[in-house]
Amino acid sequence: MTGSKNTGEPLYGVTINMSVASMITESASPSSKPTWNPHDYQRRAISMMLSQGSVGLFLDPGLGKTSIVLGAFKVLKQKKLAKKMLVVAPLRPVYSVWPKEIRKWADFEGLKYVIIHGADKRAALDLEADIYLINVDAMGWLADEDRWKRLGADVLCIDESTKFKNTNTVRFKSLRPLIQKFQRRWILTGTPAPNGIQDLFGQIFILDQGASLGRFVTHFRNEFMVQQGFGGFTYAPRPGAFEEITERIKPLTLRLSAQDYLNMPELRVVDIPVTLPPAAMKVYKAVEDSFFLALESSAIVAANAAAAGTKCRQIANGAVYDDNGDVQLVHDEKLLALEDLLEELSGKPTLVVYEYIHDLTRLQKAFPGEAFTGNPKKDDEIISRFAKGEIPILYLHPQSAGHGIDSLQDKSNNIVFFGLTWNLEYYDQIIARLWRQGQKESHVTVYRILAENTRDMKVAKVLLGKDRTQKTLLEALKS
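Residues numbered from 1 in each chain as written. Predicted model: local features only at pLDDT ≥ 70, side-chain atom pairs only at ≥ 80, totals over all residues. Heavy atoms only, no water.

Draft legend 1. Broad picture of the overall build of the protein chain. Regarding its fold elements, the protein chain presents 18 helices and 17 strands. Burial analysis of the protein chain (479 residues in total) assigns 55% to the buried set. The contacts in the protein chain between residues at least 6 apart in sequence include a share of 74% that link residues at least 24 apart. Put simply, the protein chain shows about 21000 Å² of open surface, and 51% of that area lies on carbon and sulfur atoms. (Helix = DSSP H or I, 4+ residues; strand = E, 2+ residues; numbered from the N terminus. Buried < 20%, exposed > 50% of the residue type's maximum accessible area, 1.4 Å probe, protein only. Contact = heavy atoms within 4.5 Å. Areas by Shrake-Rupley, 256 points an atom, 1.4 Å probe, with all protein chains shown as cover.)

In structure tokens form, the structure reads like this:
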């Protein structure tokens, strides 16, 4: 985020506290850095975080939730109401977002941080710091009683809390017995219910240990959901559940929309339909028939249905893995549509989102560009080059590029979905890489290349339905 235009005094001032430990980043001179002067909505969030033990910040990207947390924690430290904070986040925010925000502002130079990751993560626990940053998938490792006692954190911050929406995961089960040990608990996300209201249970449990929505997910389902579908394996909200859940969690949450507080560009969504050639459609229909056949059978063949559905989406994109794992080319219609679009964009830096490795291979062969590697340092270099306009096309996978990436909006305002993801959270987060504060253009355009009469159209419809549910929830929490 950028500095506030507020003219009032800073919320607080701090002095520099240099660290000699190599794993704790040393700060530059405070005179070289700006003072963080929070916006009014950021002050509102901090006030809520100081006045109660648990808060869920449901904030859109660009509203500065990282600096809000650092601001609240700094006040608690100054008042001797907190000692150490554990931040649990996806890998990229651990390595990039949090360290950058701490180093950015003079106000936070007194906060020392440690990254707990890799071969040296055990040694990191012995380093004295104020903030400990750990990847979500390391919760099982940290939950060991000896390691946990060595950490001694009393404030918990879950960044991108939807990573804990599934209560059957190791990460959630590892965190659950530790929740009560924290005096303060904060969760952060802009997409709290990407797949529906059941996504809220695990996240809200972190805040109140089941006081609002039940101690176990079975309690939540019994109270708010009804079973439906073949064999009752799916759940849907019962009448009135949405409103009741919203009222119960309101005291714990703060919803802030970027459109209410920032000067956001216009968001345009343009669907580009393509028609599969007859031979390709014949292949598609054969696989789709097996998909529906599996759906109509018992739950035992659900895996077959999922596999067939995935193959349908691959064929819609133009290639498919066969039973031997080899790639079989089916058609080039989406590549041709992308070629026309890129010519129309006249060389403007563009984000292209892919789903499958064989898609990326064909895309890079036809349209040379860079793709993320999964290595934070290498990817930061790619981001920097893209922001300078040195890379014409940046290929992104929804799962690896949804969190902790900024600066892409400096040079680009065009996103192309070569294939759509089912996951609304990833979909929204990808769009938020460009549709955010700092975008220099008046609009951001999202192009979706969709194969007509295929599963592409179903995915687009499902995303729309999920989006409506989440927007309704977020609007209700704002009121």
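Next comes the rest of the description.
Draft legend 2. Region of the structure containing unusual backbone geometry. Located in the positive-phi region is Lys80, a residue other than glycine, with phi close to 60 degrees. With respect to the helices and strands, Lys80 occurs in the loop between helix H2 (65–78) and strand E2 (85–89). For Gln209, which is not glycine, the phi dihedral falls at a positive 55 degrees. Relative to the helices and strands, Gln209 resides in the loop between helix H8 (200–208) and helix H9 (217–224). Taking relative accessible area as the criterion, Gln209 reaches 28% and is therefore assigned partly exposed.

Draft legend 3. Inspection of helix H18 (residues 455–478) at higher detail. Taking 1.5 Å of rise per residue, the 24 residues of H18 would be expected to cover 34 Å, and the 35 Å separating its terminal C-alpha atoms lies within 8% of that figure. Regarding H18, the residues found buried are Arg455, Asp456, Val459, Ala460, Leu463, Lys466, Asp467, Gln470, Leu473, Leu474, Ala476 and Leu477. (Expected span 1.5 Å × (residues − 1).)

Draft legend 4. A look at the side chain of Asn37. Position of Asn37 relative to the elements: it lies in the segment before helix H1 (40–51). Under the relative-accessibility criterion, Asn37 is labelled buried at 9%. Here Arg43 takes part through its side chain, which lies 3.4 Å from a polar atom of the side chain of Asn37. (Polar contact = N/O pair within 3.5 Å; in protein donor to acceptor, adjacent residues only side chain to side chain.)

Draft legend 5. Here's a closer look at the sheet that holds strand E14 (residues 370–371). Read from one edge of the open sheet, six strands run E10-E17-E16-E13-E15-E14, paired in parallel fashion. The sheet is open, and its two borders are formed by strand E10 (266–274) and E14, each paired with just one other strand. In terms of strand pairing, E10 meets strand E17 (residues 443–451) through nine bridges, oriented parallel. Each bridged residue has a counterpart across the sheet, and for Arg268 the counterpart in E17 is Thr445. Its contacts with the sheet put helix H17 (residues 424–431) on E10, strand E13 (350–353), strand E15 (393–396), strand E16 (414–417) and E17, and the angle it makes with E16 is roughly 150 degrees. (Pairing = 2+ DSSP bridges. Axes fitted to C-alpha atoms, helices over the stretch in contact; angles between N-to-C directions.)

Draft legend 6. Representation of the nonpolar core within the structure. Of all hydrophobic cores here, the largest spans 64 residues; its most connected members are Leu57, Met85, Trp98, Ile131, Trp186 and Phe417. No other element matches H2, which puts six residues into this core. Residue contacts for Trp98: discarding those within four places in its chain leaves Thr66, Val69, Leu70, Met85, Val87, Ala89, Pro93, Leu133, Cys157, Asp159 and Leu188. Counting residues in each nonpolar core, the second largest holds 49 residues, with Val88, Leu127, Ala153 and Phe182 among its members. (Core = buried A, V, L, I, M, F, W, Y, C linked by side-chain atoms within 4.5 Å.)

Read these as spatial facts, not as claims about activity.
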